[in-house]
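Chain by chain, the residues:
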Amino acid sequence: MEIIEENGEGSENISEVQVNSQPSGLSKTAQKKRLKQLRYEARKAEKKAKMKVEKKREGERKRREWEEKLASLSEEERSKLIEERKGQRKERMEKRSEEREHKIQRLTKAKENGQNIIIDLEFSHLMSRAEIQSLVQQIMYCYAVNRKCPSPAHLWLTGCKGDMESQLQRLPGFDKWIIEKENRSYIEALEDHKENLVYLTADSDTVLDDLDPNKIYIVGGLVDRNRWKGITMKKAQEQGLQTGKLPIGNYLKMSSSQVLTVNQVLEILLKFLETRDWEASFFQVIPQRKRCEADSGEPQGEEDEEDCQEKDNESGTKKQCIEAASNS
């Protein structure tokens, strides 16, 4: 579906079809947020297209400089320079291969003694295709961050089926991810460990002081858009599971957006596993935009539409992480 016009004004030219295709029954506020999201996605696509053109131009410029440099040298000097470049490239490739092997070893070890963390994907039927795609991007970032972590967790994807599974399968290298991929629910996959399951939800009365290595923590895989408040708590109660929430309110107050993305929750947990310091973990992960002197909140695992805006500010870091996941 076209969003961007050839004149580059895509962010202001959302097609009428897209606007009218918003889910029926949404409030005016939700419709405005949806339109804002569509405009954001249009700007993002426009920016991506421009970056692609700039990258191509930069590549062509470097090739010209290289060819001009070779042309100015003697035959012997050209051969020497080419061999030096080949040697540097080989050295870089060997270093990357070594780093990749170390990461694989860490993730393999984490399957045996790492903190178990589940991303619950059983909410896909409540999300639009665009929201599923957003969640898939978050999951890719989760895996990449965990892969780079000095002490990675043992990650699980449960309820991974249908459109969600199809979208994940399209990710480069997904079949090689060192992660548990379960079509079944976590209740079925871990029925012998039900007493150790802890669902992270903002509505829980239990504030986590620490992470128990014997517990299995569940993060709700839901791009919420403020439509499904309290759904994770309700699910946990119906299943008779323990619940808990991160102690965010003990260390900082949140702005009007009181939810975190799945990858932000996962990164906070990883930071805490590394530092055993909640305050440091929160301040390193939660964007400054979400902090203020009013309205404290401890949301986990459900994403607000405004979080998409934050992704542009972190695009450099995330791009590196996503490339790392793709090269797993």
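An unreviewed UniProt entry lists the chain under the name tRNA (guanine(9)-N(1))-methyltransferase, with Citrus sinensis as the source organism. Taken from UniProt, the Catalytic activity (unreviewed entry) comment for the chain reads in full: "guanosine(9) in tRNA + S-adenosyl-L-methionine = N(1)-methylguanosine(9) in tRNA + S-adenosyl-L-homocysteine + H(+)".

A. Spotlight on the overall build of the chain. If you tally the helices and strands in the chain, you get eleven helices and six strands. Expressed as a percentage of its 328 residues, the buried residues of the chain come to 44%. The contacts in the chain between residues at least 6 apart in sequence include a share of 77% that link residues at least 24 apart. If you sum the accessible surface of the chain, you get close to 18400 Å²; carbon and sulfur atoms cover 45% of it.

B. Representation of the nonpolar core in the model. Formed by 63 residues in total, the largest nonpolar core has its most connected members in Leu121, Leu168, Leu246, Leu269 and Trp278. If one sorts the elements of this core by residue count, helix α4 (residues 129–148) sits on top with nine residues. Excluding its chain neighbours within four sequence positions, the residues that come into contact with Trp278 are Leu208, Asp209, Asp210, Leu211, Leu246, Pro247, Tyr251, Ile268, Leu269 and Phe272.

C. Highlighting the side chain of Gln37. Turning to its location among the elements, Gln37 is positioned in helix α2 (residues 28–71). A polar contact is formed between the side chain of Gln37 and the side chain of Glu41, at a distance of 2.7 Å.

D. Structural view of the packing of aromatic side chains. Throughout the structure, instances matching the rule amount to six aromatic pairs. Ring geometry for Tyr143 against Trp177: centres 4.3 Å apart, planes inclined by 5°, an arrangement best described as stacked. Taken together, the residues Tyr143 in helix α4 and Trp177 in the loop between α5 (162–169) and β3 (180–181) connect sequence positions 34 residues apart. Each member of the pair, Tyr143 together with Trp177, is buried. Aromatic side chains Phe272 and Trp278 sit 3.9 Å apart centroid to centroid with 10° between the ring planes, which places their arrangement in the stacked category. Per residue, the accessibility class of Phe272 equals that of Trp278, and both read buried. Through a chain of ring-to-ring contacts, three or more aromatic side chains come together here, namely Tyr251, Phe272, Trp278 and Phe282. Directly above the ring of Trp66 sits Arg85, whose terminal nitrogen or CZ lies 4.0 Å from the centroid. We note Lys181 situated over the ring of Phe174; from NZ or CZ to the ring centre the distance is 4.2 Å.

E. Looking closely at the packing of helix α3 (residues 75–113) against α4. Here α3 crosses α4 at 100°, and the two axes come no closer than 9 Å. Relative to α4, the element α3 is oriented roughly perpendicular. Counting all contacts with α3, which are made through Arg100, Lys103, Arg106 and Leu107, the residues of α4 involved are Tyr143, Asn146, Arg147 and Lys148. Taken together, the residues of the contact of α3 with α4 sort by class into two nonpolar, one polar and five charged.

F. Structural view of α5. All buried positions along α5 are accounted for by Met164, Gln167 and Leu168. One side of α5 holds all its buried residues, which, seen down the axis, span an arc of 100°. On its buried face, α5 sits against α4 and β2 (154–158).

G. Structural detail: helix α8 (residues 262–275). For α8, built from 14 residues, the straight-helix expectation of 20 Å at 1.5 Å per residue is met to within 8% by its first-to-last C-alpha distance of 20 Å. Most of α8 is tucked away: eleven of the 14 residues are buried. When α8 is considered as a whole, its buried residues turn out to be Val262, Asn263, Gln264, Val265, Leu266, Glu267, Ile268, Leu269, Leu270, Phe272 and Leu273. With its phi angle positive at about 55°, Arg276 sits one or two positions after the end of α8.

H. Broad picture of the pattern of salt bridges. Here the structure, examined in full by the defined rule, presents eleven salt bridges. A salt bridge links Lys235 to Asp120; the shortest N-O distance between them is 2.7 Å. Of the two residues, Lys235 is situated in helix α7 (residues 231–239) and Asp120 in strand β1 (residues 116–120); the sequence distance between them amounts to 115 residues. Judged on exposure class, the residue Lys235 and its partner Asp120 are both buried. A network of salt bridges, in which partner residues are shared, links Glu58, Arg61 and Glu65.

What counts as what
Residues numbered from 1 in each chain as written. Predicted model: local features only at pLDDT ≥ 70, side-chain atom pairs only at ≥ 80, totals over all residues. Heavy atoms only, no water. UniProt positions renumbered as here; feature names shortened; annotations may be inferred. Helix = DSSP H or I, 4+ residues; strand = E, 2+ residues; numbered from the N terminus. Buried < 20%, exposed > 50% of the residue type's maximum accessible area, 1.4 Å probe, protein only. Contact = heavy atoms within 4.5 Å. Areas by Shrake-Rupley, 256 points an atom, 1.4 Å probe, with all protein chains shown as cover. Core = buried A, V, L, I, M, F, W, Y, C linked by side-chain atoms within 4.5 Å. Polar contact = N/O pair within 3.5 Å; in protein donor to acceptor, adjacent residues only side chain to side chain. Phe/Tyr/Trp six-rings, centres within 6.5 Å; stacked < 30°, edge-to-face > 60°. Lys NZ or Arg CZ within 6 Å of the ring centre and 35° of its normal. Axes fitted to C-alpha atoms, helices over the stretch in contact; angles between N-to-C directions. Parallel < 35°, antiparallel > 145°, perpendicular 65-115°, else oblique. Nonpolar A, V, L, I, M, F, W, Y, C, P; charged D, E, K, R; others polar. Arc of directions from axis to C-beta. Expected span 1.5 Å × (residues − 1). Salt bridge = Lys/Arg side-chain N within 4 Å of Asp/Glu carboxyl O.

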